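# Coordinate inspection notes
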Amino acid sequence: MQIVKLVTTEEEKKLAFQVRLKVFVEEQGVPEHIELDEHDQTAAHFIVQEDNQIIAAARVREIEEGVAKVERVCVLKEHRGKHLGILIMKHVEQYAKEQGWHKLKLHAQSYAIPFYEKLDYVVTSPEFLDAYIPHRAMEKNI
Ligand SMILES: CC(C)(COP(=O)(O)OP(=O)(O)OC[C@H]1O[C@@H](n2cnc3c(N)ncnc32)[C@H](O)[C@@H]1OP(=O)(O)O)[C@@H](O)C(=O)NCCC(=O)NCCS
C-alpha cells in the first residue's frame, strides 16, 4: 500500500533528496550541485511511501502569480510502471488547486512526454538541453 505525503519535516525532505539523488544523479548522471538547488528551501515537496521505504518524490513551487512549476518528478527504477508517477502528480495537482494556482508548467525530459500527456499536459516549446538532457516545456490549466 502506497501513501503520498506532503513533506512537513526536514527528515522527510532528506528522504525525498535520497530518491532524487538515486534517480537523477546516480541513474541519469545529473551533477549533484544542479540536482539539489536553492528552490528546495521554498518548494512544496511530496514523497510516496511504501511500507517503510520512500520510493518516489516530486516538488512544486509558484513561479509567478497563480502559476507553478512541477519539478524533480521521480520514481525509483524498480517501482516504475505501477502508476506511482500518476499518483504523485495527482497529489501535486490537488495541492496546487488548494493554493489557488490555475496553471502548472514543467520541463519534461523528452522521453517522458507521453507520461505527462496522459495527465493532459501539452508541449509548448521546441526541444532544449537542461543538465545535458533533452527536454520540452509542457503545461496544463488546472
Ligand atoms: C517518468 C516517471 C516519473 C514515470 O513514473 P511511473 O511511475 O513509471 O509512471 P506510471 O506508472 O505512473 O505511468 C503512467 C502512464 O504513463 C505511461 N508512461 C510512463 N512513462 C512513460 C514513458 N517513458 N513513455 C511512454 N509512456 C510512459 C505508462 O505506460 C502509464 O500508461 P497507462 O496509464 O496507459 O498504463 C519515471 O519513469 C521516472 O521516475 N523516470 C526517471 C526520472 C525522470 O526522468 N523523471 C521525469 C523528469 S521530467
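The preceding data block contains the structure.
In short, a report on the structure. (Residues numbered from 1 in each chain as written. Predicted model: local features only at pLDDT ≥ 70, side-chain atom pairs only at ≥ 80, totals over all residues. Heavy atoms only, no water.)

## Focus: the packing of aromatic side chains
Filter applied, for reference: We call Phe, Tyr and Trp rings a pair once their centres come within 6.5 Å, taking the six-membered ring for Trp, and we label the pair stacked below 30 degrees between planes, edge-to-face above 60, and tilted otherwise. Segments assigned H or I by DSSP are reported as helices when at least four residues long, segments assigned E as strands when at least two residues long, and all are numbered from the N terminus. The buried label goes to any residue with under 20% of its type's maximum accessible area, the exposed label to any with over 50%, and the partly exposed label to all in between, with areas taken from a 1.4 Å probe on protein chains only.
One pass over the structure, following the stated rule, counts four aromatic pairs. With a centroid separation of 5.4 Å and 75° between ring planes, the pair formed by Phe-46 and Tyr-95 is classed as edge-to-face. Of the two residues, Phe-46 is situated in strand S2 (residues 44-50) and Tyr-95 in helix H3 (residues 84-98); the sequence distance between them amounts to 49 residues. For the pair shown, Phe-46 and Tyr-95 are each scored as buried.

## Things to note about the pairing of S2
For clarity, the cut-off: Two strands form a pair only when DSSP identifies at least two bridges running between them.
Among the seven residues in S2, seven count as buried, and that is most of the element. Neither face of S2 is open: one carries Ala-44, Phe-46, Val-48 and Glu-50, the other His-45, Ile-47 and Gln-49, and all of them are buried. Sheet topology note: the strand S1 (residues 2-6)/S2 ladder contains five bridges and is antiparallel. In the strand pairing of S2, Leu-6 is matched with Phe-46. With seven bridges connecting them, S2 and strand S3 (residues 53-64) associate as antiparallel partners. Paired with Gln-49 across the two strands is Ile-54, which belongs to S3. Where S2 folds back onto S3 in an antiparallel hairpin, the turn is made up of two residues, including Asp-51, whose phi is positive at roughly 50°.

These figures capture arrangement, not role.
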